[in-house]
Amino acid sequence: MGRASDEGLKRAHFKEVRLPVLLLVPQLGILLLFFFIPSLRALTQAFLLSDPFGNTVQFAGLQNFTELLASESYRNSIQVTVVFTLAQNALTLASALVLAFASDRIIRGKGLYKAIILLPYAIAPVIAGILWAFLFNPAVGPLAQLLHRAGIAWDPNRSGTDAMVLVVLAASWKHICYNYIFLLAGLLAIPSSLLEAAAVDGAKPLRRFFTIGLPLLGPTLFFLAVMNFVYGFFEVFAIIDAVTKGGPAGATNVLVYKVFTDGFVNLDLGSSAAQSVILMAFALLMTLLQFRYVERNVNYDV
Amino acid sequence: MVERTPILDGICHAILLAGVAMVCVPLYLAFVAGSLTIEQVQQVPLPWTPGGEFLANLDTAWTKGHFRQLFVNSFVVSCGITAGKIAVSLLSAFAITYFRFPFRMTAFWLIFVSLMLPIEVRISPTYEAVANAALPLQWLADALHLAGAWQWLTGHEVEIQLEWNMVNTYQGLILPLMASASATFLFRQFFLTVPEELCEAARLDGASPMHFFWTVLLPLSRSNMVALAIILFLYGWNQYLWPLLFTTDKDMATAVVGLKQLIPRADSQPAWNVAMAAALLTMLPPVVVVAVLQRSFVKGLVDSSK
């Protein structure tokens, strides 16, 4: 139907020119002020050196980037982010997969289970963080007390490992429901003729899951892994701020938290902008990966 | 499926019960802590049954945290984001699917690109934009030497200083969070599935584009709008970083941000009972929305991520 430039246009359409331009003004205006200009500013600032009061500005080339990559704290932050997102991804996907498999099998009580498991989606990350900070608070937290009684010297204020475990738990608790709902939708979309054929051939439920369900869920799992990385990189700011503030000794100082502290607390704008640009590059990569999911998902859409 | 598998079914129920416990136990413990006195909450071990102080703690939190004002702010901000984003997105999706005009694809790609960068990666420049939204106009004026031109024309010396500070205002909280185009794409996808005949019939009847939009397209989009509204309301209510940055005035903060002041610090009295009561209160509106509108919520979640 027509040339490539007509992509996404209805065959039956209106010919006016002024009206659609007016209709686009609010959207494009907001995007210009709060998306395009700030993004460009981050790009230019990353190549400038300025003092905290903005009095002197000079072109610095790649200096912000080279200093950043040479700094011990930034490399620590990269490492912490990678450990955090990988652990969070593994825990979230594995739990969600088991829950989705179980939900798909049973008949009675399905709606109620689903309704309860979905609840954490409605809870703000910072509240999830506060909740878990209390549960595992070494002085008063009931779960910390269980650990202490089991002889484990749990203290996320002192031990970096404990702090990391705590933020991974809080972040996963909040995000399992998101993975769960997509995996459940994926399982429901598997054509029943495939499963019935396998059942007639004598394949038991678990075997059917591993030989039919799991491979067909491939694109969904890929999409969720990408989304979990995005979540782990960008949306955990609130959890970190409420639970550990990046500590102890930088053990949970993930990249997005460091951008914030360097820019707004230490007022090192050039470095903060350079960090923003690196995060932008990562976000772009993740978005491109997401589009691959959309492409592949179409093929499985039966 | 066809066969009976009582053992596997039992295991599945056990797994799901574990999932339910995983969600409910933390919430229950928070409730228990929120219903104790400050002496009781510091006991080791913590009691496993609730005490009778829940309402008293709620009351303390409500006054200590200025929550009356903060809840109003949260409602204004989340409803503003929801209504604003849906309105703006409906209009632009209508424009790019139902009209042929020059630079249509340019507009499409400009909106498309904005899907790629989450707002968290442009923290400081976006702050700058909110602190003075007129800054781009100022650059334009500077670049064109408007002041110089004015002086040359009239002989008066002027200095052009444009300022529009949105810190501590509702629009400063709402507008930056509206700057993402995901909703536009949801509506675009939906419009593309609307039968062509509807538009043809409307045109044959001589209906104007806006008439078609109001009487045909909008009613058809209602279920998508509801689904999206739920997701956007949660998004707005649960925002943390932006309200934290943009509100220096305590009375302009949102409920989720205000909660932070109630978390016990190392050197203060550990009033976890008040903090937990306040946390439960603040999570209540979005939890109720999801619990009541379960079906639309799932639809919105799955649709808006495509």
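Residues numbered from 1 in each chain as written. Chains lettered and ligands numbered in written order. Predicted model: local features only at pLDDT ≥ 70, side-chain atom pairs only at ≥ 80, totals over all residues. Heavy atoms only, no water.

Another aspect to go through is the interface of chain B and chain A. Opposite the 111 residues of chain B that make contact, chain A presents 99 residues. Of the roughly 10,100 Å² buried where chain B meets chain A, counting both sides, 76% is carbon and sulfur surface. Inspection of the region where chain B meets chain A yields 1 salt bridge. A salt bridge links A:Asp241 to B:Lys260, with the nearest nitrogen and oxygen atoms 3.2 Å apart. At the boundary of chain B and chain A, one finds 15 residue pairs in polar contact (both at pLDDT 80 or more). It is helix 1 (residues 6-34) of chain B that contributes the most residues to the side of chain B that touches chain A, 17 residues altogether. Taken together, the residues that form the side of chain B that touches chain A break down as 80 nonpolar, 18 polar and 13 charged. (Contact = heavy atoms within 4.5 Å. Buried area = accessible area lost by both parts, 1.4 Å probe. Salt bridge = Lys/Arg side-chain N within 4 Å of Asp/Glu carboxyl O. Polar contact = N/O pair within 3.5 Å; in protein donor to acceptor, adjacent residues only side chain to side chain. Helix = DSSP H or I, 4+ residues; strand = E, 2+ residues; numbered from the N terminus. Nonpolar A, V, L, I, M, F, W, Y, C, P; charged D, E, K, R; others polar.)

The positions UniProt marks with the feature "domain: ABC transmembrane type-1" (unreviewed entry) are residues 78-290 of chain A. Secondary structure across residues 78-290 of chain A comprises 77% helix and 0% strand; the distance between its end C-alpha atoms is 22 Å. (UniProt positions renumbered as here; feature names shortened; annotations may be inferred.)

Moving on, we get to the domain arrangement of chain A. Residue and element names in this part refer to chain A. As assigned here, chain A comprises domain 1 (20-63) and domain 2 (71-295). Spacing between the C-alpha centres of domain 1 and domain 2 amounts to 31 Å. Each partner contributes to the interface: domain 1 provides 8 residues, whereas domain 2 provides 8 residues. Between domain 1 and domain 2, a total of about 630 Å² is buried, with carbon and sulfur atoms accounting for 72% of that surface. Linking domain 1 to domain 2 there are 0 salt bridges. In this assembly, domain 1 and domain 2 are joined by 0 residue pairs in polar contact (both at pLDDT 80 or more). Secondary structure elements with two or more residues in the side of domain 1 that touches domain 2: helix 1 (18-45) and strand 1 (48-50). Ranked by residues supplied to the side of domain 1 that touches domain 2, first place goes to helix 1 with 4 residues. Looking at side-chain class alone, the side of domain 1 that touches domain 2 contains 5 nonpolar, 3 polar and no charged residues. (Domains from an automatic or database assignment.)

Residue and element names in this part refer to chain A. Mean pLDDT over chain A works out to 84, with 92% of the residues at or above the 70 mark. Averaged pLDDT values for the elements of chain A fall to 71 in strand 1 and rise to 93 in helix 3 (residues 72-105). Taken as a whole, residues 1-5 scores under 50 in pLDDT and shows 4 contacts with residues more than four places along the chain or in a different chain. (pLDDT = per-residue confidence, 0-100.)

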